[in-house]
Amino acid sequence: MPKTCILIGAPIDSGQRRPGCLMGPAAYRVAGLGRALTDLGHAVEDRGDVAPGPLPAVAAPDPRLHALPETIGWTIALKEAVEDALGRGFPIVMGGDHSLALGTVAGAAAHAAAVGRPLFLLWLDAHSDFHTLQTTTSGNLHGVPVAYAAGRDGFDGFPPFPAPLPPERICLFGIRSVDPEEHAALLLHDISIIDMRVIDEFGICAPMREFLEKVRAANGMLHVSLDVDFVDPAHAPAVGTTVPGGATVREAHLVMELLHESGLVTSLDLVELNPFLDERGRTARLMVELAASIMGRKVFDRPTRGFG
Ligand SMILES: NC(=[NH2+])NCCC[C@H](N)C(=O)O
Ligand SMILES: [Mn+2]
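Quick caveat, the model's predicted, so the values are computed rather than measured.

The subject of this paragraph is the UniProt feature "binding site: Mn(2+)" (unreviewed entry) in the chain. Under the UniProt annotation, the feature "binding site: Mn(2+)" (unreviewed entry) is placed at His98, Asp125, His127, Asp129, Asp227 and Asp229. Across 132 residues, the annotated set stays spatially compact, with a maximum C-alpha separation of 12.3 Å. Tracing the chain through its elements places Asp125 in the loop between β4 (119–124) and α5 (145–149). By relative accessible area, which is 0% here, Asp125 ends up buried. Dropping the residues within four chain positions of it, Asp125 is found in contact with His98, Phe173, Gly174, Ile175, Asp227, Asp229 and Phe230. Within the local environment of Asp125, its side chain forms a polar contact with the side chain of His98, the two groups lying 3.1 Å apart. If sequence neighbours within four positions are ignored, Asp227 has contacts with His98, Leu124, Asp125, Val239, Val271 and Glu272.

If you want it as structure tokens, here you go:
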């Protein structure tokens, strides 16, 4: 079904300390994201880059936290942009580091609450991003958005998360790097953890279908947050936090294809692309191809004539 894709540039790199992610939206445009979507028959509206809101005055900001006021400013601006876009079409947020999901998931949650549907969150990532402002050891706020969405305490200065997601509506998929504080907290929450070991053992399809069935049964909306580092750095080198042992190109496409076939996805983040670290644009191009797959690009319809 053709959609109105609303491209939202989110040139943020304050969620971590390696400059470059702010070039992400430009790289997606150069790599042809808009064209790939139009070729699939979708309408595309590029609403340009979001500017962060004015820096909020944060009372006694903890010096361990990197760029807290900036991140709060972005959160407020992106929440608004995504909530507004969901009222009109299918938002695709071009990041920017993963701290942008503080705002995008909040915007999706606000929209879902307004239309009376439950929001689900699929986190395709090497990391669990489940720190709070108190537990983060790096102080990098791209490591906290899942905790914010789950309604964990310890987000002073941030707007309260609208309708926090019960843990059973969150699925971490592809993870292989979890800090000790996140590990301890995850054991106390009933979040689906499809780590790389599960994927090695059972493949992509069974765990993904199980999660999608939950979304379907609840008539849920589904926000997908795709971190470049979900894919193995051998195929996707343009990212600051590489972790070996990630998804192959085919596994990543298969995830996207299953998501498309489910018809359940309602919004998408593309995060952590750092074009400064790329090799002749290959990571940007791969991310555009994955975005095309989730929006319906395929080689043959299923079943093919030979099998299935
Ligand atoms: N979105 C990401 N790449 N997150 C990486 C987070 C790494 C680490 N857990 C931290 O908190 O600093
Ligand atoms: Mn991440």
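Counting 52 residues, the largest nonpolar core has Leu33, Ile92, Leu122, Phe173, Leu222 and Leu259 as the members making the most contacts within it. Among the elements that line this core, the one with the most residues is helix α10 (residues 282–294), at eight residues. When near neighbours in sequence (up to four residues on either side) are disregarded, Ile92 contacts Cys5, Ile6, Leu7, Ile8, Leu33, Leu37, Leu268, Leu270 and Met295. If you look at the next biggest cluster of nonpolar residues, it comprises 49 residues, including Val58, Val82, Val144 and Ala147.

Our focus in this paragraph is the packing of aromatic side chains. Overall, the coordinates contain six aromatic pairs when judged by the stated rule. Taking the centre distance of 5.1 Å and the plane angle of 45° together, the rings of Tyr148 and Phe155 count as tilted. For Tyr148, a relative accessible area of 4% gives the class buried. Geometrically, the ring pair formed by Phe173 and Phe230 is tilted, given 6.3 Å between the ring centres and 55° between the ring planes. Of this pair, Phe173 sits in strand β5 (residues 170–175) while Phe230 is found in the loop between β7 (221–227) and α9 (249–262), placing the two residues 57 residues apart along the sequence. Relative accessible area serves as the criterion here: at 0%, Phe173 is assigned to the buried category. On the accessibility criterion, Phe230 (0% relative accessible area) is buried. In this structure an aromatic cluster arises from ring pairing among Tyr148, Phe155, Phe158 and Phe161.

Bringing the environment of Asp46 into the picture now. Take Asp46: it is sitting in strand β2 (residues 43–49). For Asp46, a relative accessible area of 36% gives the class partly exposed. For the pair formed by Asp46 and Ile6, sequence separation is 40 residues and the distance between their alpha carbons is 5.8 Å. If near-sequence neighbours (up to four positions away) are discounted, Asp46 is found in contact with Leu7, Arg29 and Met94. Within the structure, the side chain of Asp46 is placed 2.6 Å from the side chain of Arg29, a separation counted as a polar contact. Polar contacts involving the side chain of Asp46 include one to the main-chain amide nitrogen of Gly48, which spans 2.8 Å.

Rules used in this analysis
- Residues numbered from 1 in each chain as written.
- Chains lettered and ligands numbered in written order.
- Predicted model: local features only at pLDDT ≥ 70, side-chain atom pairs only at ≥ 80, totals over all residues.
- Heavy atoms only, no water.
- UniProt positions renumbered as here; feature names shortened; annotations may be inferred.
- Helix = DSSP H or I, 4+ residues; strand = E, 2+ residues; numbered from the N terminus.
- Buried < 20%, exposed > 50% of the residue type's maximum accessible area, 1.4 Å probe, protein only.
- Contact = heavy atoms within 4.5 Å.
- Polar contact = N/O pair within 3.5 Å; in protein donor to acceptor, adjacent residues only side chain to side chain.
- Core = buried A, V, L, I, M, F, W, Y, C linked by side-chain atoms within 4.5 Å.
- Phe/Tyr/Trp six-rings, centres within 6.5 Å; stacked < 30°, edge-to-face > 60°.

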